[in-house]
Amino acid sequence: MSPRSASVNEELRRRSRERLLQAAVELVDERGFEATTLGDIADRAGSARGLVSYYFPGKRQLVQSAVHRLMHRTLEEALEREPRSADGRERLARAVDAILGLARDRPVLMRQHMAGLLQAEGFVECPEQRRLSELLGDTVARYGSADVTADYPMLRAQLMGAVYAALVPGVPMPVPALRAELFQRYGLDWELGVPPERDAGCGAAERDLSRFFATGERTEGS
């Protein structure tokens with residue numbers, strides 16, 4: 001049997017990492033951070049347990065990267081859904097609704113994520129986090145910011161604060177109220193994005209997250 005080419009090996013590594021990210025999101029969403037072990041994640045992903053440390057320094061870094069993947073793909077999907085729009089105010093409204101929607105639909109996962117950000121490691125620099133930053137920065141630019149460098153961190157802080165407020169155990173604030181505050185701050189009409197009344201009746205959060213993780217088979221050269 002001839003040895004695999006470098007491109008095939010790279011594809012196999014890519015798919016292994018994707019499976020670990022997906023497994024981490026699914027398990028933490030189901031069980032919480034403390035009840036999920038690296039062994040559990042490797043088993044769900046169908047990977048050797050030693051392979052986890054090849055891609056990630058530890059569980060906190062893996063889970064944070066996985067949640068950032070879910071966030072940036074959710075945001076990307078919201079920004080590009082039909083009817084597509086180049087209007088900066090519509091795109092900002094979609095961004096707010098996408099992030100608040102994760103807090104509403106996946107409270108366990110997002111609560112664990114927020115707690116992880118307060119640990120010593122803070123933000124983990126990874127491709128997933130960088131892509132999330134790029135999307136939010138582009139949203140701020142399209143909204144009409146004259147200083148994206150200053151306005152992007154403020155938007156990020158506003159969104160993080162709203163997610164935190166929605167998830168505080170015992171005293172959570174309702175997502176529609178948080179949405180109204182953010183929309184007022186940025187001068188957005190209530191009808192933009194996905195208003196709560198239009199979103200009502202959509203049912204529980206979708207359990208199948210596979211579309212956010214590129215684990216499908218690819219042939220060499222495709």
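All figures in this text were calculated on a predicted structure; none of them were measured in a lab.

S.K.: Would you explain the packing of aromatic side chains in this entry?
M.R.: Each pair of aromatic rings is reported with the distance of its centres and the angle of its planes. Using the criterion set out here, one finds four aromatic pairs in the structure. Geometrically, the ring pair formed by Tyr 54 and Tyr 55 is edge-to-face, given 4.9 Å between the ring centres and 90° between the ring planes. Between Tyr 55 and Phe 56, the ring centres sit 6.5 Å apart and the planes meet at 55°, which makes this aromatic pair tilted. Exposure remark for Phe 56: the relative accessible area of 3% places this residue in the buried category. Following the ring pairs from residue to residue traces out a cluster consisting of Tyr 54, Tyr 55 and Phe 56. Seen from the ring of Phe 183, Arg 179 lies directly overhead, with NZ or CZ sitting 3.9 Å from the centre. Taking the ring centre of Trp 190 as reference, the NZ or CZ of Arg 179 above it sits at 4.5 Å.

S.K.: How should the UniProt feature "DNA-binding region" (unreviewed entry) in the chain be read in this particular structure?
M.R.: In the numbering used here, UniProt assigns the feature "DNA-binding region" (unreviewed entry) to residues 37-56. In this annotation, residues 37-56 is assigned 75% helix and 0% strand; the end-to-end C-alpha distance for the span is 14 Å.

S.K.: Honestly, the packing of helix 5 (residues 88-105) against helix 7 (residues 127-143) in this entry has me stumped. Any pointers?
M.R.: A pair of packed helices is characterised by two quantities: the angle between their axes and the separation of those axes. As a packed pair, helix 5 and helix 7 sit with axes 7 Å apart at the nearest point and diverge in direction by 145°. In this structure, helix 5 crosses over helix 7, and the sense of that crossing is left-handed. Note on element contacts: helix 7 touches helix 5 through Asp 138, Thr 139, Arg 142 and Tyr 143, opposite Gly 88, Arg 89, Arg 91, Leu 92 and Ala 95. Across the contact of helix 5 with helix 7, the residue classes break down as three nonpolar, two polar and four charged.

S.K.: Can you walk me through the nonpolar core in this structure?
M.R.: Soluble globular proteins tend to pack their nonpolar side chains together in the buried interior. Membership of the largest hydrophobic core comes to 58 residues, with the highest contact counts inside it found for Leu 20, Leu 62 and Leu 75. The contact partners of Leu 20, leaving out residues within four places of it in the chain, are Ile 41, Ala 42, Ala 45, Ser 47, Val 52, Tyr 55, Phe 56 and Leu 62.

S.K.: Mind showing me how you'd approach the environment of Asp 208 here?
M.R.: Examined against the element boundaries, Asp 208 turns out to sit in the segment after helix 10 (196-199). C-alpha of Asp 208 to C-alpha of Gln 22: the two residues are 186 residues apart in sequence and 10.0 Å apart in space. For Asp 208, the side chain forms a polar contact with the side chain of Ser 210, separated by 2.9 Å.

S.K.: Where do I start with the confidence of the model for the chain in this structure?
M.R.: On average, residues of the chain score 89 in pLDDT, and 90% of them are at 70 or above. Here residues 217-222 is a poorly scored stretch, pLDDT under 50, and it has seven contacts once near neighbours within four places are set aside; other chains count.

S.K.: Is there a simple way to explain unusual backbone geometry in this structure?
M.R.: Backbone phi values are negative for most residues with the exception of glycine, while trans is the configuration of most peptide bonds. In this structure, Pro 83 follows Glu 82 across a cis peptide bond, with omega equal to -5°. Along the polypeptide, Pro 83 turns up in the loop between helix 4 (59-80) and helix 5.

Basis of the calculations
Residues numbered from 1 in each chain as written. Predicted model: local features only at pLDDT ≥ 70, side-chain atom pairs only at ≥ 80, totals over all residues. Heavy atoms only, no water. Phe/Tyr/Trp six-rings, centres within 6.5 Å; stacked < 30°, edge-to-face > 60°. Buried < 20%, exposed > 50% of the residue type's maximum accessible area, 1.4 Å probe, protein only. Lys NZ or Arg CZ within 6 Å of the ring centre and 35° of its normal. UniProt positions renumbered as here; feature names shortened; annotations may be inferred. Helix = DSSP H or I, 4+ residues; strand = E, 2+ residues; numbered from the N terminus. Axes fitted to C-alpha atoms, helices over the stretch in contact; angles between N-to-C directions. Left-handed = near helix turned anticlockwise from the far one by under 90°. Contact = heavy atoms within 4.5 Å. Nonpolar A, V, L, I, M, F, W, Y, C, P; charged D, E, K, R; others polar. Core = buried A, V, L, I, M, F, W, Y, C linked by side-chain atoms within 4.5 Å. Polar contact = N/O pair within 3.5 Å; in protein donor to acceptor, adjacent residues only side chain to side chain. pLDDT = per-residue confidence, 0-100.

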